[in-house]
Amino acid sequence: MSKLTGKVAIVTGGNSGIGYATAKELKNQGATVVITGRDSLKVVKASQELGVKGIVADVKNLSAIDKLVEEVKKAYEKIDILFVNAGIFQPAAVGQISEEMFDYQMGINFKGALFTTEKFLPILSDGASIINLSSINAYTGMPNTAVYAASKAALNAYTRTAATELAPRKIRVNSVNPGPVSTPIFGKTLMKEEQLNGFAEAMQNRIPLKRFGQPEDIAKLVCFLASDDASFITGSEYNIDGGININPLLN
Ligand SMILES: NC(=O)c1ccc[n+]([C@@H]2O[C@H](COP(=O)([O-])OP(=O)(O)OC[C@H]3O[C@@H](n4cnc5c(N)ncnc54)[C@H](OP(=O)(O)O)[C@@H]3O)[C@@H](O)[C@H]2O)c1
């Protein structure tokens, strides 16, 4: 029997990148998987490719999360794995941060993530696993990431408190902090191709293992945290970043 057989898993932002790879791995390990996303064409395409259920729900919109929970409850009653992954990266320099940018990025990466858990709580099985997809940016001073970093640091703070408060129900809550991972997220910024290439090269040079992560690297860690093998792990954060957090002064 596979490790996740019999478990129902929700992956927000599952039509692309890390969410897509994780939905695939969760399914390979035996889980029944539901992916969500904000664009119906992308959600339909990905859910067909993966052979899983797809539901459109923009996490910026709390009533859309309510509808998502209702639909999932109708289909499965309870869920066991909640992968809170949907997120965006919108770089902006200090001094050029608009209220609109702030609200948009915090609205998806923090408010949307937090309310995903809040609203799924009533249908989470006792013993369920929540995994919040954060970022090593929560702990860095990387240029142009002030709001993004704050959104992820806030999410990690929520992870810790939620882990304490949900422990009586044996619900575990953990954060995963990836370093740079090859996904479409960077192409969705307003950065030009040459900027993106320069950014990728500079970043890769700083990573001790000298490569970007692949979505599948993150998927394996998420599936471990989702499984009963991680039954004594809660309130923790896992950096998965090729060693970049070491910050070697010379390399
Ligand atoms: N890639 C990295 O280097 C990296 C590093 C650290 C952390 N992360 C985090 O990893 C998570 C996944 O990112 P990724 O790199 O896999 O990027 P991605 O390929 O762009 O995937 C992000 C997913 O989230 C969805 N999404 C965005 N806003 C949403 C909303 N309002 N409602 C519902 N779904 C929404 C996207 O939908 P669309 O396809 O419609 O945009 C997409 O399915 C994010 O939380 C990101 O911050 C990424």
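What you see is a predicted model, and the numbers here were worked out from it, not measured in a lab. (Residues numbered from 1 in each chain as written. Predicted model: local features only at pLDDT ≥ 70, side-chain atom pairs only at ≥ 80, totals over all residues.)

Novice: I'd like a description of the environment of threonine 161, backed by residues and values.
Specialist: With respect to the helices and strands, the residue threonine 161 is situated in helix H5 (residues 146-166). Considering only alpha carbons, one finds threonine 161 and alanine 46, 115 residues apart in sequence, at a separation of 33 Å. (Helix = DSSP H or I, 4+ residues; strand = E, 2+ residues; numbered from the N terminus.)

Novice: Requested: an account of the site of the ligand, with residues and values cited.
Specialist: Contacts to the ligand come from 30 residues, most closely from Gly13, Gly17, Gly87, Thr183 and Ile185. When contributions to the shell around the ligand are tallied by element, the ones reaching two or more residues are helix H1 (17-28) and helix H4 (99-120). (Near = placed C-beta within 6 Å.)

Novice: An account of the packing of H4 against H5 is requested, with residue identities and associated values reported.
Specialist: Remark: H4 packs on H5, axes separated minimally by 9 Å, with the N-to-C direction vectors making an angle of 15°. When the axis of H4 is compared with that of H5, the two are roughly parallel. Pair H4 / H5 crosses with right-handed handedness. Where H4 approaches H5, its residues Met101, Phe102, Gln105, Met106, Asn109, Phe110, Ala113, Leu114 and Thr117 are matched on the opposing element by Val147, Tyr148, Ser151, Lys152, Ala154, Leu155, Tyr158 and Ala162. Here the contact of H4 with H5 is composed, by residue class, of 12 nonpolar, four polar and one charged. (Axes fitted to C-alpha atoms, helices over the stretch in contact; angles between N-to-C directions. Parallel < 35°, antiparallel > 145°, perpendicular 65-115°, else oblique. Left-handed = near helix turned anticlockwise from the far one by under 90°. Contact = placed C-beta atoms within 7 Å. Nonpolar A, V, L, I, M, F, W, Y, C, P; charged D, E, K, R; others polar.)

Novice: Go over the sheet that holds strand S6 (residues 172-178) with me, naming the residues and quoting the values.
Specialist: Taken together, seven strands build an open sheet; the order of strands is S3-S2-S1-S4-S5-S6-S7 and the sheet is parallel. The sheet terminates laterally at strand S3 (53-56) and strand S7 (237-240), the two strands that pair on one side only. Averaged over all pairs of adjacent strands, the angle between strand axes in this sheet comes to 20°, irrespective of strand direction. Judged from the four bridges that link them, S6 and S7 form a sheet pairing that is parallel. (Pairing = 2+ DSSP bridges.)

Novice: Break down the nonpolar core for me, citing the residues and quoting the values.
Specialist: If you look at the biggest cluster of nonpolar residues, it comprises 54 residues, and the most contacted ones within it are Ala9 and Leu82. Top element by residues in this core is helix H7 (residues 215-226). It accounts for six residues. Filtering out sequence-adjacent residues up to four positions away, alanine 9 remains in contact with Leu26, Ala31, Thr32, Val33, Asp80, Ile81, Phe83 and Ala226. (Core = buried A, V, L, I, M, F, W, Y, C linked by C-beta atoms within 7 Å. Buried ≥ 20, exposed ≤ 12 C-beta atoms within 10 Å, placed from the backbone.)

Novice: Describe the pairing of strand S4 (residues 79-84), with residues and values.
Specialist: Across the six residues of S4, six count as buried, placing the element largely inside the fold. Across three bridges, strand S1 (residues 8-11) lies against S4 in parallel orientation. Its bridge partner being in S4, valine 11 is matched across the sheet by phenylalanine 83. The pairing of S4 with strand S5 (residues 124-133) spans five bridges and is classified as parallel. Within S5, the position partnered with isoleucine 79 by the bridge is leucine 124. Read from S4 through H4 to S5, the crossover connection turns out right-handed. (Right-handed = clockwise from strand over helix to strand, strands pointing away.)

Novice: Quick rundown of unusual backbone geometry? Include the residues and the values.
Specialist: Even without glycine at this site, asparagine 144 takes up a positive phi of about 70°. Inspection of the secondary structure assignment puts asparagine 144 in the loop between S5 and H5. For lysine 170, which is not glycine, the phi dihedral falls at a positive 60°. Note that lysine 170 resides in the loop between H5 and S6. Judged by the 13 C-beta atoms lying within 10 Å of it, lysine 170 falls in the partly exposed class.

Novice: Pulling in residues and values, what's your account of helix H6 (residues 193-206)?
Specialist: Over its 14 residues, H6 extends 20 Å from the first C-alpha to the last, a length consistent with the 20 Å expected when each residue adds 1.5 Å. Within H6, only zero of the 14 residues are buried, leaving the element largely exposed. (Expected span 1.5 Å × (residues − 1).)

Novice: An account of the pairing of S5 is needed here, citing residue identities and associated values.
Specialist: Across the 10 residues of S5, seven count as buried, placing the element largely inside the fold. The sheet contact formed by S5 and S6 spans five bridges and is parallel. Bridged to isoleucine 131 within S6 is asparagine 174.

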